[in-house]
Every structure is written in C-alpha cells, then in structure tokens.
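In case you want the letters, here they are:
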Amino acid sequence: MTQSLLHQILDYANRANPYPIYEQLRKTPVHHEDGGPYVISTYYEIRSLLHDPRISSDARNLGSTARDPLAEPAGEESALPPGFLRLDPPEHDRLRRMTNRPFGPPHSPHRVDGMRGELHDIVSGLIDGIGDPGRIDLVEQFSYPFPVTVICRLLGVPREDEARFHTWADTLAASLDPDPDADPTERGKGSHDARMQLGMYLAGLIEERRKNPGDDMLSQLATAKGEDGPMTTMELLSTAALLLIAGHETTVNLITNGMLTLLRHPDVLQRLREDSRLAVPLVEELLRFEPPVQLVPQRTTLADIELRGVTIPKGASLWLVLASGNRDPQRFEDPDRFDPDRRDIQHLGLGSGIHSCFGAPLARLETQFALSELARRLENPRLLEDPPPYRQNAVLRGPRHLHISCDGIRS
Amino acid sequence: MPWTYRPRRCPVLGDGSLERLKREGRIVVVGASLAGLRAAETLRAEGFAGSLTMIGDEPHEPYDRPPLSKQVLLGRAGADRTALPRLRSVDATWRLGVPATGLEMAARLVRLADGDEVPYDRLLIATGVRARPWPRAAEAELDGVLVLRGRDDGAALARRLAAGPKRVLVIGAGFTGSEIASACRERGLPVTVAERGAAPLVGALGGVVGAVAARMQREHGVDLRCGVMVTALEGDASGRVRAAHLSDGSTVETDVVIVSLGATRNTEWLAGSGLGAGPRGIACDAGCRAFDIRGIVTDDIYAAGDVARCPHPLFGYQFLSLEHWGNAVSQARIAAHNMISESTERIPHMEVPAFWSSQFGVNIKSVGVPSLGTEITISQGALDSHRFIGVYGYQGRVIGAVAFDHARWLPFYQELIETTAPFPPAFPTVDRRSDGQRPVDADFPDPSVPTHGPTVTVGGYAPADRRMTFTPAH
Ligand SMILES: Cc1cc2nc3c(=O)[nH]c(=O)nc-3n(C[C@H](O)[C@H](O)[C@H](O)COP(=O)(O)OP(=O)(O)OC[C@H]3O[C@@H](n4cnc5c(N)ncnc54)[C@H](O)[C@@H]3O)c2cc1C
C-alpha cells in the first residue's frame, strides 16, 4: 500500500528531497486525510490564508488535534506563556510591537544595520578557526555558532556567558528535532533542565538590566514603558526564548541550505566569489528555493472556511506548506530551477501577514555575510557527501551535518 | 517599390499597421510625472521602438509626490531628492517646462505653449490634478499662503516650517491637510486645522472613522476646529499673512497658511478639442481609451492617473476618478499596453483601488472605495485603540475597508470586495471586539449636494443635427 502523503512529508526517508511529494500534494491544493490536518500546498491559497483573520495561531482555539502529528503535546510550553508567534491579536500585536521597538524601524532603524561590523567579525573569527580544511563540518563549525553568537550580542548576553548559553541553546534545539532512537524520557528531562536553567539565567539577566540598562535589546525590553505599558517578566522571558529559538533554528538551516545549494551550482558560487553584491538576490532566491521553514503547522480555523471548493471546518488544524507554495508553477516560472537572477520573487519563505518573520532583516543580513565570506575564503570547496545527512525535523528542515573539504582558507 | 509610412491614414487593424506603429510610430505623452513615466517605461518594455515624446509643464524630471507631505516636511529628505526611480531607460524626447495648450484630434497633434506642434499616432494624457487655490485671489497672493502639490511647493513649505513659524494654519483636513498637521506636530510647531466637515477625513472615510482621526489630532496637540470655514485671510502692511478669520467669529493668528482644499483636474487645455474632458476628469473606457464628448471612444487617445475617470466593473461601472498613487501606476501600464495591442489583446483596468497615508504615527491604508459605503463595522481591533479594520458596506455587500495600523490583513478584505462578499461579514475573526459586532451608519456627508456643475449641454432639434457642447463649470 502506498503511504499517505501526510506520512510521506514526515517520513525521514524523504527529508533530503521533499519536493516531489509537494508536487503530488499540489494536485489537491486543499489536501485532507481522515481526521488529520488540512494541508495547503499552492501559493495563492497559502498566501490568502496567511492574511485571513479567520485563521488563529492561538492553540486555545484548536479543536481536536488527536490526528495532527505536528500538534504540540499539551503542556509542552507550560513553563512559559506562549511567545507572540503562538498568539493572536491583540496580545500578539502588543508583544510584537514592543519587541520591535528596540529592533527595527521606526524606533530603531539602525539596529540591524549597525551590526554589520560585528557580524563581519564573528564570521571572520569562525572561518579563521576552522582548522583542517580537508574535513569541515560546516554546521558544527560555522552555521550553528554564528547565529547563536549573534543572538547573544543582540540580547546583551555577556561574552563570558556565551559558552553556557550556547550549551542550553543546543539542547533546546535538539529537543525540537527529536532523534527517534534516543530515550524520550532522558531527552525530555535534558531539555526541561536546559529550559529551566536558561529561564533562570535570563531572569537574572533581566533583573540586572532593569537596574543597569545598556543599549542591548533585553535592557530596552526590560525598561520599556511606552503606550503599551511594560512587559511582565514572564512575557519578557517567553519573548527572549522565542527570539533565541526562532532566531537561530532558522538561520542555521538557511546558511547551510545556502552553502549546499551553492556547492551544487558552482557557477553561482563563482559569481558570488567575484561579486559579493550577488548575495542579496541570491539569498532571496534561496528563501524561495530551500526555505528553512518548510511548513507552518499549528494554525486553526475560527469558522468554516471555503477554499477551492473544500469547506475546512471550524477548529480544524492547518498546515501551510510554504516550501511547496514557493515551487508552485502557477506562480513561478520554472520553479525547480535555482536562479538568483529571478526578478519576480515574492516568495513565502519568510511567511506573510502578521506573523511574517520578525527577524527577517537580521536573517537576511547574516546569510548574505555568511555566504559571501564562505565563497570568498574557502578555496575550491566541495561536498564530501551529497545529499548530506538531514535533521529529523520536517518543519525546520536542514542538514544535520554538511561535510565539505577545500584546498585551503584564504585570508 | 519601398513601402512608405503614412501616419495620417487611419489604419485598419490586422493589416500590419500595428507592427508599423510599434516599429516607427509616434507616441506622445502629456504629463511627465508618475503615470507618464510608468507608461513610457511600459511602452519600451513591450517593444515600442518608435519615437516617444514626453511633455511636461514642470521643469523637473518625474518625481514622487507622497514624500512631499511626509519625509520632506519632516526635514528627512530634500524635496529635490524625490526623483522617481527609473525602472528602465525610456529613450524619449523630453519637452520639460512647456505646457501643452491644445489638442487637435482630427489632425492628431498637440499644441505647446511655445508654439510648437507635436504630431502623434497615439496620445497618452496624464496631466493629473493641481491643488485648488484659495478662492480669493488677493488673499491667496499673501506671503505665507501656500498649497502643496509639487516639488517646489514641498520645498517652500519645508523651508517655512524649518524657520519655526509661530503658528501654522491648515485649511482642510483631508489626507494632505492631515499629513501636514502631523508633520508640524512632529516638528513641535503649533498648528491649527480648520475643517468645514464634522471631522478630518470624513469625505474619504466617513464620520465614524473621522472621529478617530479627530481624536488622534487632538491627542497630538493639534488645535482642530471642525464645522467651521475660514472666511478671510488677513495680511499685514508688507503683504505677509498674519491672521485668518473663521465663520464662528474667531480669529487665528498665523504666519503660514496651507490651503488643502482638494484638487482641480488639469483638463482646461483640452477645452474645445472635442475630447470628453472636463472638471471631473477625462472620461475613458475600462481600457483607458478616452471618450470624445459624444461618448464615443477614441482609439488613439488614452488617459491615465489622477486625470482619468474610468468605469469600474466592481462598482457598477461607475466612473471613478481616484487620486491614488497605485491607481496612476496601474492605469499607466494598462494604457501603454493597450496603445500598442490588437483589440483582442487589450486589458481592462480592474484593480481594486488602494490608498495609504501616514499621520500621527499611524499607518492608514484603504482598499476598495470606502466613500461608496453607507454602513461600517469594525471587524478587527477597536476604534479607541487607533488600531482596527473598518469594513464598509453598500447594499448588503462589502465595498471597502480601511486599516489603521493593521495593513497586513487588507489582502483578505480586498478579496471580499473582489468577490462581492456579503455585508456585514458574518464570520468570527481574530481580535473581534464587542464594538464591532453591529454595523452602524458610516456617516458620510450628504451626497445630495452637487459638487460639480454640468459640463455638457445638448442642442439642435432633428436627430441628425443634435450636438453636444462642452460647457465648463464656472
Ligand atoms: C503631497 C501629496 C501626497 C500624496 N500622498 C499620497 C499617498 O500617501 N498615497 C497615495 O496613494 N497617493 C498620494 N498622493 C497622490 C499621488 O501622488 C497621485 O495619485 C499621483 O501623483 C498621480 O500621478 P499622475 O501622474 O496621474 O499625476 P501628477 O503626479 O499630478 O502628474 C501630472 C503632471 O502633468 C503636468 N501637467 C499638467 N497639465 C499639463 C499640461 N497642460 N501640459 C504638460 N504637463 C501638464 C503636471 O504639472 C504634473 O507634473 C499624494 C499627492 C500629493 C500631492
């Protein structure tokens, strides 16, 4: 018997190349298997649902999720209230707005741009430290540490604490990507401990920043008192946790997918080496071609919604398969071609609507820096393994390791 | 025998004349601003290789107007730094600083103020609108009395604001007037706004939303006076404005007055040409082809942007004229495409109107035509938070929507308008609050008061000699 499409999406065997399944899926833009989630795979339908106020991100509105394999087990987040990613307006709007004040325009138009120098230094430092050019694991040695370090600097985690912070972040990240062979109780305990420790660490940091604010984001969030009132400590903690997880789980994959794609398209790699300005359109195309968030689960309908002749009932859970919408031939010409010169590129890689990626400007800049520096400095890089081993996660999809070698490292 | 091109002969479609037009025809664009430039770019992008002439009465290259009442007044951008980005090269003959003064439809030529005549095979009219001046000429001449439409106006006003006037008076609280008031407050300048209607923005958005706009202004320290008219401006001995007198008997001492009383369409130069053009704009079909005054569509004259007035299928084929940036761009592209296409390849202008404004720190955006609505319901957010979506209904369907700091939801409402969804929307949404449950009167000013005089009269007795005559309003 053939496996259901839903299971094929989740099946690890298809992780390295899920695109043929998405192609299958698009034949039924609103796909539904007995009692499971409604899976939306075509560009225009996904985009319209992302802007549809009858769609909720708040878990409290979900009906029965028994048959949604990506539903969060109850109580998973119980240690902290949900971050704004899992809230609807007006709570979502208030928290996102407050978080945005120290991060982006109009109040902080230069925050991200002001990090250019720092990003450059972190990237250079990591590449300098690579060691044996004959066997590099790009994930461990570069794509992972880079965004975590950036988040530390952004939040204002002191340098001397960065190492501890990295450890907790790694453990939490691993819990998002469970290894089916590992003992689930052990794993649960490990991530619970890490969450606790990280929470306590951040709470201490927040206290300290309330007394001695700096110009980092945590200080500004801890001392904010605009029209929206102050953030409570619990809100601050869940926001910080959200920034930490969302801010690096995605960038790791974007950078790794990026390098993998470049190594599979040596002509583009060569062009990037010669002209780093290519990084800007290249990262955009990458977000279309290999988006780090493949699908958005955990959305639900507040009313019966009719879409492409199907009535999605109230309380149903939805999966919006962004990566499939990005390769919808109804929307993009020759969608399976990686083409950094593509001009018409309104992709879904960063979502759309009110939950569209909060950290987008930073993620873009990080990836542009990372890829152009890797292209410039690695001499004659090549893949040692293609496809590389992937992580378990079907939602935040990316290689677990990317083993490459090169002839040397330019200075 | 070599073939010679004779432009005057009206070509029959399907005989290759279109190919000839594209290869060596002459296209003239009058109005070298947003719509004109985007049309020119589209013509070239779609393969027009003939001669292109851009006629504009302003001395400047095409520039963008929305920043003039925003960034420029805040001193964040110089008025001379608003040039429109060029999307491609247009390779045109630019006749800047010269107004077009006449059109001869039979001879297919445009007359210019400097006496030149420019012949065309296809003409695009994109002359836009201009600010309606203060009606009393002597008072309008006073130093310190300004309007805001062009780049020079923007530069002059920015200079005045930078000099720190003791008070600014804005007459009229439409979008432009409100944006000016907002910029003044952001610069810490005392500002009075005088509005004849019951609230700012009522004409465009109605009284329910207007009340929010009024509260925003007052919260930001604007001295807002509604339901009053300015009756006279008073100057000092040296001809500088010093005070304004209001219909309620009060006086406002001021040294800068900005007249924001809406716009007048730039169609006077077409008087007597036989084109269906008047104070309400140039009537054209959904493909942007202009009508002549007999209501017959021309095939060689097109109109786009603020000056055009097109029937819109979504709104009962009513002739809409919209002063919206996005409308100018999309009409320009459609007009340009249609000018050089076979009749079966032409496309209609069906875009749902959309408009944005930013004032007092709030991003306002609308889709559809709110002013056609009679009822409103607040489908998301709340009026008193200044963050909400108002949905406008007309005869049981959704006809428009406005978002205050909620723009990301608008594509959904646009779809409701496009699919003529029922009003009031019957479904629950995220962030639906109690004050949005029931539709209320949207509270637009009484539309029965005519705002434009008749423009065409009919004469003659026998059917064969009945004629229509253009009669400009006074
Ligand atoms: C201060 C300001 C702020 C605005 N803000 C917004 C906003 O926030 N959002 C929005 O959607 N829209 C906004 N608009 C409206 C928007 O700018 C217009 O919709 C747009 O400019 C229309 O473009 P157009 O090319 O049709 O007309 P115009 O830009 O008016 O261009 C017409 C051109 O034709 C010239 N002309 C006129 N008569 C002749 C003649 N006889 N011969 C030769 N040339 C002639 C004019 O001088 C002018 O240069 C704003 C407008 C202003 C003035």
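Right above here is the structure, for reference.
Structure report, in brief.

Rules of the game
- Residues numbered from 1 in each chain as written.
- Chains lettered and ligands numbered in written order.
- Predicted model: local features only at pLDDT ≥ 70, side-chain atom pairs only at ≥ 80, totals over all residues.
- Heavy atoms only, no water.
- Helix = DSSP H or I, 4+ residues; strand = E, 2+ residues; numbered from the N terminus.
- Rg over C-alpha atoms; globule rule 2.2 N^0.38 Å.
- Areas by Shrake-Rupley, 256 points an atom, 1.4 Å probe, with all protein chains shown as cover.
- Buried < 20%, exposed > 50% of the residue type's maximum accessible area, 1.4 Å probe, protein only.
- Arc of directions from axis to C-beta.
- Contact = heavy atoms within 4.5 Å.
- Near = heavy atom within 4 Å.
- Polar contact = N/O pair within 3.5 Å; in protein donor to acceptor, adjacent residues only side chain to side chain.
- Nonpolar A, V, L, I, M, F, W, Y, C, P; charged D, E, K, R; others polar.
- Disulfide = S-S within 2.5 Å.
- Buried area = accessible area lost by both parts, 1.4 Å probe.
- Salt bridge = Lys/Arg side-chain N within 4 Å of Asp/Glu carboxyl O.
- Axes fitted to C-alpha atoms, helices over the stretch in contact; angles between N-to-C directions.
- Parallel < 35°, antiparallel > 145°, perpendicular 65-115°, else oblique.
- Pairing = 2+ DSSP bridges.
- Right-handed = clockwise from strand over helix to strand, strands pointing away.

Some words on the overall build of chain B
Moving on, step 1. Each helix and strand counted, chain B has eight helices and 31 strands in total.
Moving on, step 2. The C-alpha atoms of chain B give a radius of gyration of 24 Å, which matches the 23 Å a tight globule of 474 residues would have.
Moving on, step 3. Expressed along its principal axes, the backbone C-alpha trace of chain B runs to roughly 80 × 65 × 55 Å.
Moving on, step 4. Within the structure as shown, chain B displays about 20,600 Å² of accessible surface, and the carbon and sulfur contribution to it stands at 52%.

Digging into helix H2 (residues 19-26) of chain A
Residue and element names in this part refer to chain A.
Moving on, step 1. For H2, the full list of buried residues reads Tyr19, Ile21, Tyr22, Leu25 and Arg26. Down the axis of H2, the sector holding all buried residues measures 150°, keeping them to one side.
Moving on, step 2. Its buried side turned inward, H2 meets helix H1 (5-10), strand S1 (30-32), strand S2 (38-40), helix H13 (279-289) and helix H14 (322-325).

What about the site of the ligand?
Residue and element names in this part refer to chain B.
Moving on, step 1. Near the ligand there are 31 residues, and of these Asp57, Glu58, Arg65, Lys70 and Arg149 occur at the shortest range.
Moving on, step 2. Between the ligand and Glu58 there is a distance of 2.5 Å, counted from an oxygen atom to a side-chain nitrogen or oxygen.
Moving on, step 3. One nitrogen or oxygen atom from the side chain of Arg149 is found 2.8 Å from an oxygen atom belonging to the ligand.
Moving on, step 4. When the free accessible area of the ligand is taken as 990 Å², the share hidden by the protein chains comes to 95%.
Moving on, step 5. Elements represented by at least two residues in the shell around the ligand include exactly helix H2 (34-45), strand S2 (51-56), helix H7 (325-339) and strand S24 (354-359).
Moving on, step 6. Within the shell around the ligand, the residues separate by chemical class into 15 nonpolar, nine polar and seven charged.

A look at the state of the cysteines
Note on terminology: disulfide describes a covalent bond linking the sulfur atoms of two cysteines.
Moving on, step 1. What the rule picks out here adds up to zero disulfides over all chains.
Moving on, step 2. Residue Cys357 of chain A stays outside any disulfide, its sulfur separated by 18 Å from that of Cys152 of chain A, the closest cysteine.
Moving on, step 3. Looking at Cys184 of chain B, it has no disulfide partner, and the nearest cysteine sulfur is the one in Cys226 of chain B, 16 Å off.

Section: the interface of chain B and chain A
Moving on, step 1. Each partner contributes to the interface: chain B provides 15 residues, whereas chain A provides 20 residues.
Moving on, step 2. When residues of chain B are sorted by the area they lose upon contact with chain A, Arg387, Arg408 and Trp409 of chain B head the list and together hold 41% of the total.
Moving on, step 3. Run the count over chain B and chain A and you get one salt bridge.
Moving on, step 4. One salt bridge in this structure joins Arg387 of chain B and Glu227 of chain A, with 3.3 Å as the shortest N-O distance.

Details of the packing of helix H8 (residues 162-175) of chain A against helix H11 (residues 233-264) of chain A
Residue and element names in this part refer to chain A.
Moving on, step 1. Packing of H8 against H11 leaves a shortest axis separation of 11 Å and a crossing angle of 75°. Put simply, H8 runs roughly perpendicular to H11. Two secondary-structure elements touch here, H8 through Phe165, Ala169, Leu172 and Ala173 and H11 through Leu244, Ile245, His248 and Glu249.
Moving on, step 2. Considered class by class, the residues forming the contact of H8 with H11 number six nonpolar, one polar and one charged.

Remarks on the pairing of strand S10 (residues 168-171) of chain B
Residue and element names in this part refer to chain B.
Moving on, step 1. Neither face of S10 is left uncovered, since the one carrying Val168 and Val170 and the one carrying Leu169 and Ile171 both have all their residues buried.
Moving on, step 2. Sheet analysis places S10 next to strand S16 (residues 256-259), joined by four bridges and oriented parallel. Along S16, the bridge assignment pairs Val168 with Val256.
Moving on, step 3. Pairing of S10 with strand S11 (residues 191-195), which is carried by four bridges, proceeds in the parallel orientation. Bridging across to S11, Ile171 finds its partner in Ala194.
Moving on, step 4. Tracing the backbone out of S10, into helix H5 (residues 175-186) and back to the parallel element S11 gives a crossover that is right-handed.

Regarding the sheet that holds strand S15 (residues 251-253) of chain B
Hydrogen bonds between backbone groups are what pair the strands of a sheet, and the pairing can be parallel or antiparallel.
Residue and element names in this part refer to chain B.
Moving on, step 1. Here we have three strands laid out as an open sheet, ordered S13-S14-S15, and antiparallel in their pairing. Looking at the sheet topology across the chains shown, the edges are occupied by strand S13 (230-235) and S15. Adjacent strand axes in the sheet meet at a mean angle of 20°, parallel and antiparallel pairs treated alike.
Moving on, step 2. Examined bridge by bridge, strand S14 (residues 241-246) and S15 share three bridges and lie antiparallel to one another. Residue pairing in the sheet places Ala244 in a bridge with Val252 of S15.

A closer look at the sheet that holds strand S22 (residues 308-312) of chain B
Residue and element names in this part refer to chain B.
Moving on, step 1. Taken in spatial order, the four strands line up as S18-S19-S22-S23 in an open sheet, and their pairing is mixed. Looking at strand neighbours, the two that pair on one side only are strand S18 (277-278) and strand S23 (318-320), the edges of this open sheet.
Moving on, step 2. Across two bridges, the pairing between S18 and strand S19 (residues 281-283) is antiparallel. Along S19, the bridge assignment pairs Ala277 with Ile282.

Shape is all these values report; function is a separate question.
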